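Observations on chain architecture
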Amino acid sequence: TTARITIDRDFTIGDVPRRLFGSFVEHMGRCVYTGIYEPGHPQADARGFRKDVLALVKELGPTVVRYPGGNFVSGYLWEDGVGPVEKRPRRLDGAWHTIESNAFGLHEFVEWAKEADVEIMEAVNLGTRGVEEARALVEYANHPSGTYWSDLRRTNGAADPFDIKLWCLGNELDGPWQIGGKTAQEYGRLAQETAKAMKFVDPSIELVAVGSSNRQMPTFGSWEHTVLTHAYDEVDYISMHAYYQEHDGDAASFLAEAVDMDAFIDGVIATVDAVKAAGKHTKQVDISFDEWNVWYQSGLETEDQPHQVAKGWREYPRLIEDTYNVTDAVVVGTFLHSLLRHGDRVKIANQAQLVNVIAPIRSEQGGPAWRQSIFWPFARIASHARGRILRLAIDSTQMATKRYGDVDVVDAAATWDEENGTIALFLANRSLTDASDLTVDLRGLGATTVRSAEVLTVPEGGDRLVANVVDDQDRVGLTPLRGVDVVDGAVRATLPPLSWSVVILD
Ligand code: AHR
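Each value, and the rule that gives it
Residues numbered from 1 in each chain as written. Predicted model: local features only at pLDDT ≥ 70, side-chain atom pairs only at ≥ 80, totals over all residues. Heavy atoms only, no water. Helix = DSSP H or I, 4+ residues; strand = E, 2+ residues; numbered from the N terminus. Buried < 20%, exposed > 50% of the residue type's maximum accessible area, 1.4 Å probe, protein only. Pairing = 2+ DSSP bridges. Contact = heavy atoms within 4.5 Å. Axes fitted to C-alpha atoms, helices over the stretch in contact; angles between N-to-C directions. Phe/Tyr/Trp six-rings, centres within 6.5 Å; stacked < 30°, edge-to-face > 60°. Lys NZ or Arg CZ within 6 Å of the ring centre and 35° of its normal.

Residue Pro 68 is bonded to the preceding Tyr 67 through a cis peptide linkage, with omega at 0 degrees. Checked against the element boundaries, Pro 68 lands in the loop between strand 4 (64–67) and strand 5 (91–93). Here Ala 352 and Gln 353 are connected by a cis peptide whose omega angle stands at -5 degrees. Its identity as a non-glycine residue notwithstanding, Glu 172 has a phi of 40 degrees, on the positive side. Mapped onto the elements, Glu 172 comes out in the loop between strand 8 (166–169) and helix 5 (184–201). Within the chain, Asp 248 stands out as a residue other than glycine whose phi angle is a positive 50 degrees. One can find Asp 248 in the loop between strand 10 (237–244) and helix 7 (251–255). On the accessibility criterion, Asp 248 (82% relative accessible area) is exposed.

Now for the sheet that holds strand 24 (residues 479–480). Spatial strand order, 2-16-20-21-27-23-24: seven strands in an open sheet with antiparallel pairing. Every other strand in the sheet has two partners, leaving strand 2 (12–15) and strand 24 as the edge strands with one partner each. In this structure, strand 23 (residues 450–457) lies alongside strand 27 (residues 499–505), joined through seven bridges in antiparallel fashion. Following the sheet pairing, Thr 457 is matched in strand 27 by Ser 499. Seen against the sheet, helix 10 (residues 326–341) touches strand 2, strand 16 (388–390), strand 20 (410–417), strand 21 (422–429), strand 23 and strand 27 and runs at an angle of roughly 50 degrees to strand 20.

Further remarks concern the packing of aromatic side chains. Following the criterion strictly, the structure yields 20 aromatic pairs and no others. Judged by centre distance (6.2 Å) and plane angle (70 degrees), the ring pair of Tyr 67 and Phe 104 falls under edge-to-face. Placement of Tyr 67 in strand 4 and of Phe 104 in the loop between strand 6 (98–100) and helix 2 (106–116) is noted, with a sequence separation of 37 residues between them. The residues Tyr 67 and Phe 104 share a single accessibility class, namely buried. Taken together, a centroid distance of 5.0 Å and an interplanar angle of 55 degrees make the contact between Trp 78 and Tyr 140 tilted. Highlighted residues: Trp 78 in the loop between strand 4 and strand 5 and Tyr 140 in helix 3 (residues 131–142), separated in sequence by 62 residues. Comparing Trp 78 with Tyr 140 shows no difference in burial state: the two are buried. An aromatic cluster of at least three residues, connected via ring pairs, comprises Tyr 33, Tyr 37, Phe 49, Tyr 67, Phe 104, Phe 109, Trp 112 and Tyr 316. A cation over a ring is seen here: Arg 66 above Phe 24, with NZ or CZ 4.8 Å from the ring centre. Sitting over the face of the ring of Phe 375, Arg 371 holds its NZ or CZ atom 5.6 Å from the ring centroid.

Rendered as structure tokens:
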């Protein structure tokens, strides 16, 4: 197959929103406990933070991390997680049928985020709680001192405000599974009033309203419309969530799921802009795609499925610890391409989640931590997507899929860092069988040197389902992509079948 991509210094989408490379830490399964936090682990520091996990987080390079949920937040009392640890209550978490010890809470997360060098995106509980508790949390976190909540923070050991800028007004409240789920009317008004009260405490914060839990929700479209009709003036972003998986061995359709992601984003943009027009608003509400990933939600009968966990009340049980293969990594690469392609409107995105729970990083209690296959496209794009997003013209051989008809075999995104004179090309070859001969016409961009070229593909002796596991942690990774040249102002390369590549030029 062949693909020809044309890029041009004058055709750009906008600056790379660095918050696109976000992640998510929920009090769910083993993301916090035995994930980022495990006192007594040989690699834990004095605070119980796992240094081996932290090193991998830094290598992955997320810019912002959403916390503490997820479905968990809709029943969470944030006060349980502050103050002397020995006084913190043990609670039942109904969302994941788990016992929450509250040994890890807001102060611990703030400390951990500092160590990991990530911005915090804090979610408030709008399931079982409302305006007052959210308002109080902003005062606790961001007000300097001299008031009840800010002084309580100081008593609890944090003299300086946490200065959290980014907040989620609840989580997936359109979902019948959500504790305290709501109709769009109920939520729209609650979001509006909560947003007002939170911004009265700290006008510098940015707020994300809950959008649809996925594109298949019966209320998708009307939910966003109603919520924003109420809260357009008060919020800054509307959220989207999407999880994808391979169904019945149909790898071709799975490899094309970014087509669905593109269409989902376009649909939300259309709805936001319809409300903007009808309401004669001048400000623009953008998108926070604050949960996305591959997640095998159906077809697995392993012990870490939520219905298995519901058999008893346990602390940090294994929950949705999906093992990711080569195919999943290529798909994750294309999701990141889709987010970049929409970087003019999608300003925040969070891969769900960070450790163990549908995550790029895995860890074992008392044992090692390692990178899953999906770690690699995230790490490389988070590191190299800088400067401006280029608008690509792609002319690719087509590939037939059951779900999406004919799609481009080669899916791509690219950025241009004018200051450093660097171009980053991110390239997926969706074909399971054929290599693709690629030409990238660099019209006026003037790069002449291939600084690096790496590829993730099926390792020798393996197949598309090969994954990194505890006993074989580095089976899937990046290897040099050979034979990449710049000739007469064009890059030429051959992308192996089922592969994701990154080429850096300067
Ligand atoms: O990330 C796992 C769960 O998926 C989150 O808790 C929830 O928001 C979504 O349904």
